[in-house]
Amino acid sequence: AQSVTQLDSQVPVFEEAPVELRCNYSSSVSVYLFWYVQYPNQGLQLLLKYLSGSTLVESINGFEAEFNKSQTSFHLRKPSVHISDTAEYFCAVAREWGGKLIFGQGTELSVKP
Amino acid sequence: KAGVTQTPRYLIKTRGQQVTLSCSPISGHRSVSWYQQTPGQGLQFLFEYFSETQRNKGNFPGRFSGRQFSNSRSEMNVSTLELGDSALYLCASSLAPGAGNTEAFFGQGTRLTVV
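This is a predicted model, so every value here is computed, not measured.

(A) View of the overall build of chain B. Counting its secondary structure elements, chain B contains zero helices and eleven strands. Sequence-ordered secondary structure for chain B, helices as α and strands as β, is β-β-β-β-β-β-β-β-β-β-β. A compact globule built from 115 residues would reach a C-alpha radius of gyration of about 13 Å, and chain B, at 13 Å, matches this within 12%. The dimensions of chain B, computed from C-alpha atoms along their principal axes, are 40 × 25 × 25 Å. Taking the intrachain contacts of chain B between residues at least 6 apart in sequence as the baseline, contacts between residues at least 24 apart amount to 54%. Summed over its atoms, the accessible surface of chain B is roughly 5300 Å², and 47% of this surface lies on carbon and sulfur atoms. Here chain B contributes 11 positively and 6 negatively charged side chains, and the mean placements of these two sets differ by 4 Å.

In structure tokens form, the structure reads like this:
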């Protein structure tokens, strides 16, 4: 079975500061890793994904995440956040051969001016 | 290309009633999954359908059921509603289950309130 732990439920940060949202996973098989973002009253939007290859993946809006197999982590980082990044962020895993997503509990990122 | 469409967006029902939620996947996508999101339990997997067959089911009581039609549209039904069923129900579509095809696109959800 797989599980995902997001280590921080809330992360307050000032605008233009760097941020890291932590995610650890547990799985006895290879998994795909994802970060989704959810804005208020919206569904989930895929932010970035790791399927294979380079362990560092980047999104178009400046976020990046690094897959670390030895530490079973997939932390999300951004060097300089904006007010518009305020949202809830979910880390998720999926088995290599299935579509079911297992989500972490979410991290609420609050960017203050 | 239209995204995942869920209807209705908001719903208020009374305890004991039943409810049907609808999800139209992205054109060409044949896999549909449903998730329940609540403040206490977070995002929990309900079921996954592919080619009109249920492939996976989460740990929910039998009151929760679903189906998928030949055009890949899916419905989920909750019977004998309880207060605890109040949640945001999210539908996700993907091309098909399997290696390399596990990216899911989510709809905006149906907010169900049970009173």
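(B) Inspection of the overall build of chain A at higher detail. Looking only at helices and strands, one finds zero helices and twelve strands in chain A. In chain A, the share of contacts with a sequence separation of at least 24, taken over all contacts with a separation of at least 6, comes to 57%. For chain A, the exposed surface amounts to about 5500 Å²; the carbon and sulfur share of it is 49%.

(C) Representation of the interface of chain B and chain A in the model. Taken together, the contact pairs 23 residues of chain B with 22 residues of chain A. With both chains or domains summed, chain B and chain A bury close to 1800 Å², and 51% of this area falls on carbon and sulfur atoms. Along the contact surface separating chain B from chain A lie five residue pairs in polar contact (both at pLDDT 80 or more). No other element matches the four residues that strand β5 (residues 42–50) of chain B contributes to the side of chain B that touches chain A.

(D) Geometry of the pattern of salt bridges. All names here are of chain A. All told, the structure shown has nine salt bridges over all chains when counted by the stated rule. Here R77 ties to E66 by a salt bridge, and the two come within 3.9 Å at their closest N and O atoms. With R77 in strand β9 (residues 73–78) and E66 in strand β8 (residues 64–68), the pair connects residues that are eleven residues apart, well separated along the chain. Among the residues examined, E66 registers a relative accessible area of 35% and is labelled partly exposed. What you see here is one network of salt bridges that share partners, running through E20, E66 and R77.

(E) Quick look at the side chain of N77 of chain B. Residues and elements named next belong to chain B. If you trace the backbone, N77 turns up in strand β8 (residues 74–78). A polar side-chain atom of N77 sits 3.3 Å from the main-chain carbonyl oxygen of V19. Aside from chain neighbours lying at most four places away, what touches N77 is Q18, V19, T20, R63, F64 and S65.

(F) Quick look at the environment of S31 of chain B. All names here are of chain B. Relative to the helices and strands, S31 is located in strand β4 (residues 31–38). On the basis of relative accessibility, which here comes to 1%, the residue S31 falls in the buried class. Residues within four places of S31 in sequence aside, it is in contact with E48, Y49, F50, A92, S93, S94, L95, A96 and P97.

(G) The arrangement of the packing of aromatic side chains in detail. Using the criterion set out here, one finds 13 aromatic pairs over all chains in the structure. Connected via pairs of aromatic rings, a cluster forms that spans F34, Y36, F90 and F103 of chain A together with Y35, F45 and F106 of chain B.

(H) Here's a closer look at the sheet that holds strand β7 (residues 64–68) of chain B. Residues and elements named next belong to chain B. Judged by pairing direction, the sheet is antiparallel, and its four strands sit side by side in the order β1-β3-β8-β7 without closing on themselves. Of all the strands in the sheet, just β1 (5–7) and β7 have a single pairing partner and so form its edges. Each neighbouring strand pair of the sheet contributes to a mean axis angle of 15°, computed without reference to strand direction. Examined bridge by bridge, strand β3 (residues 19–24) and β8 share five bridges and lie antiparallel to one another. Directly across from S22, in β8, lies its bridge partner E75.

(I) Representation of the nonpolar core within the structure. In this structure, L33, W35, L47, L48, F74, L76 and Y89 of chain A are the most contacted members of the largest nonpolar core, which totals 28 residues. Dropping the residues within four chain positions of it, L76 of chain A is found in contact with V19, E20, L21, W35, L47, L48, F63, E64, A65 and Y89 of chain A. One finds W34, M76, V78 and A87 of chain B within the second-largest nonpolar core, a separate group that totals 21 residues.

Cut-offs applied
- Residues numbered from 1 in each chain as written.
- Chains lettered and ligands numbered in written order.
- Predicted model: local features only at pLDDT ≥ 70, side-chain atom pairs only at ≥ 80, totals over all residues.
- Heavy atoms only, no water.
- Helix = DSSP H or I, 4+ residues; strand = E, 2+ residues; numbered from the N terminus.
- Rg over C-alpha atoms; globule rule 2.2 N^0.38 Å.
- Contact = heavy atoms within 4.5 Å.
- Areas by Shrake-Rupley, 256 points an atom, 1.4 Å probe, with all protein chains shown as cover.
- Lys, Arg positive; Asp, Glu negative; His and termini not counted.
- Charge placed at Lys NZ, Arg CZ, Asp CG, Glu CD.
- Buried area = accessible area lost by both parts, 1.4 Å probe.
- Polar contact = N/O pair within 3.5 Å; in protein donor to acceptor, adjacent residues only side chain to side chain.
- Salt bridge = Lys/Arg side-chain N within 4 Å of Asp/Glu carboxyl O.
- Buried < 20%, exposed > 50% of the residue type's maximum accessible area, 1.4 Å probe, protein only.
- Phe/Tyr/Trp six-rings, centres within 6.5 Å; stacked < 30°, edge-to-face > 60°.
- Pairing = 2+ DSSP bridges.
- Axes fitted to C-alpha atoms, helices over the stretch in contact; angles between N-to-C directions.
- Core = buried A, V, L, I, M, F, W, Y, C linked by side-chain atoms within 4.5 Å.

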